[in-house]
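Observations on the three-dimensional arrangement
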Amino acid sequence: KKDNATNRAVVIGLGRFGGSVAMELMRQRTEVLAIDSNPKIVDRYADRVTHAAVADSTDDDALRQLGVHRFHRAVVAIGTDLEASILTTSLLGDFAIPSIWAKGLSRQHASILERVGAHHVVLPEHDMGERVAHLVMGRMLDYIEFEDDYAMVKTTAPAEAVGRTLGEAQLRSKHKITVVSIKRRGEGFSYATAETVVRAGDLLIVAGKAVDTERFAELT
Ligand code: ADP
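Residues numbered from 1 in each chain as written. Predicted model: local features only at pLDDT ≥ 70, side-chain atom pairs only at ≥ 80, totals over all residues.

Observations regarding the overall build of the chain
To keep it simple, the criterion reads: Numbering of helices and strands runs from the N terminus, with a helix taken as a DSSP run of H or I at least four residues long and a strand as a DSSP run of E at least two residues long. Put simply, a residue is buried when 20 or more other C-beta atoms lie within 10 Å of its own C-beta and exposed when 12 or fewer do; between those, it is partly exposed, and each C-beta is set from the backbone. Each residue is represented by a C-beta atom placed from its backbone, and any two residues with such atoms within 7 Å are regarded as in contact.
A count of helical and extended segments in the chain gives nine helices and eleven strands. In terms of overall dimensions, the chain has C-alpha extents of about 65 × 40 × 30 Å along its principal axes. Taken across its 220 residues, the chain has 31% of its residues classed as buried. In the chain, the proportion of contacts linking residues at least 24 apart, taken out of those at least 6 apart, comes to 52%.

Shown next as structure tokens:
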């Protein structure tokens, strides 16, 4: 079993985002200290997290009293209050917490959060907006873009590959994508190999540069 300090996390701000983070951490059997300045919101989480506390996270002493400075992982999930989000992140930075995640509202906010000590900044609305744009316009069933323009896409098998093995179809050299996994109707996903035969209606998980995966998903 992992030692106590690494198998626990503090989540600050229990709005929709922070609440989801806290509940998912609990499902992963991580001990969660959940903090919010609103007592009504903290009440709602009292029975659902390891420890829920009312505190203003911009208050150094309040955080120390809760032992926040001893955590190895923290998530700042304060939404609209930019000042509170930045001050809280900077306090956690001063505590030298090794892994600080913060939610940003914009690129500018994200860059400030990084400057004051966040190790990872997520922009949920921005990122989800981009993702939805890809899904709305394309033939992709799912789309994840990583850093540096690399993406993974779930799409249906193109006609040119149907009835062939992946080796014969030469999708990698023709389309600069790699088929990672393939799913037959009524079956689960399995690893794709050069011998895997593609059938009409198969779903493919494809990895490659974002532009190449998108172009590939447009094929039918
Ligand atoms: P979401 O969009 O994820 O719902 P919100 O902005 O609605 O985000 O929620 C952020 C939460 O952070 C709220 O529950 C709010 O009470 C809490 N919060 C805001 N400022 C502080 C603070 N200084 N200390 C602790 N919690 C705070």
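Re unusual backbone geometry
One non-glycine residue, Arg29, lies in positive phi territory at about 65°. Backbone geometry places Ala96, a non-glycine residue, at a positive phi of 60°. Its 9 C-beta neighbours within 10 Å are what place Ala96 among the exposed residues.

Quick look at the pairing of strand S1 (residues 8-12)
What counts, and what does not: Whether a crossover is right-handed comes down to one check: with the strands pointing away from the viewer, does the path from the first strand over the helix to the second run clockwise; if it does, it is right-handed. By definition, two strands form a pair when at least two bridges between them are found by DSSP.
Taken across its five residues, S1 has four buried, putting it largely inside the fold. In this region the chain leaves S1, passes through helix H1 (residues 16-27) and returns to the parallel neighbour strand S2 (residues 31-36); the handedness of that crossover is right-handed. Relative to strand S4 (residues 73-76), S1 runs parallel, the two being bridged by three bridges. Paired with Val11 across the bridge in S4 is Val75.

Some points on the UniProt feature "domain: RCK N-terminal" (unreviewed entry) in the chain
Convention followed: UniProt positions are given in the numbering used here, feature names are shortened, and annotations may be inferred rather than shown by experiment.
On the UniProt side, "domain: RCK N-terminal" (unreviewed entry) is annotated at positions that read residues 6-123 here. Secondary structure content for residues 6-123 is 40% helix and 23% strand, and the end C-alpha separation is 25 Å.

Observations regarding the site of the ligand
Here is the rule: The criterion for a residue being near a molecule or strand is simple: its C-beta atom, placed using the backbone, must lie within 6 Å of it. Three classes are used, and their members are as follows: Ala, Val, Leu, Ile, Met, Phe, Trp, Tyr, Cys and Pro are nonpolar, Asp, Glu, Lys and Arg are charged, and the others, Gly among them, are polar.
Taken together, 21 residues sit near the ligand, with Gly13, Gly15, Phe17, Ser37 and Gly79 positioned nearest. Contributing elements (two or more residues each) for the shell around the ligand: H1 and S2. Looking at which element gives the most residues to the shell around the ligand, the answer is H1, with three residues. For the shell around the ligand, the per-class residue count stands at eight nonpolar, nine polar and four charged.

Concerning the pairing of strand S5 (residues 99-103)
Every regular strand shows the same layout, with side chains that alternate between the two sheet faces. Counting buried residues along S5, four of its five residues qualify, which places the element largely inside the surrounding structure. Strand direction decides the pairing type here: S4 and S5, joined by four bridges, are parallel. The residue bridging Val76 from the neighbouring strand is Ala102, located in S5. Between the parallel pair S4 and S5, the chain is carried across by helix H4 (residues 82-94), and the sense of this crossover is right-handed. Where S5 and strand S6 (residues 120-122) come together, three bridges link them in parallel fashion. Across the sheet, the residue bridging to Trp101 is His120, located in S6. Note that the unit made of S5, helix H5 (residues 107-115) and S6 has a crossover that is right-handed.

Observations concerning the nonpolar core
Using the following cut-off: A set of buried residues qualifies as a nonpolar core if it consists of Ala, Val, Leu, Ile, Met, Phe, Trp, Tyr and Cys joined through C-beta atoms within 7 Å.
With 32 residues, the main nonpolar core has Val10, Val11, Ile12, Ala22, Ala34, Ala74 and Val75 as its most contacted residues. Elements with a minimum of two residues in this core: S1, H1, S2, S4, H4 and S5. Residues in contact with Val11, not counting those within four places in the same chain, are Gly18, Val21, Ala22, Val32, Ala34, Val75 and Ala77. Counting residues in hydrophobic clusters, the runner-up holds 19 residues, among them Ala157, Val179, Ile182 and Ala192.

What to know about the sheet that holds S5
Backbone hydrogen bonds are what pair the strands of a sheet, in a parallel or an antiparallel way. The cut-off we apply is this: Every angle, taken between N-to-C directions, lies between 0 and 180 degrees, and every axis is a line fitted to C-alpha atoms, over only the stretch in contact when it is a helix.
Pairing is parallel across the open sheet formed by six strands, whose spatial order is S3-S2-S1-S4-S5-S6. Edge positions in the open sheet fall to strand S3 (51-54) and S6, since each of these has one partner strand only. For this sheet the average axis-to-axis angle between neighbouring strands, irrespective of direction, equals 15°.

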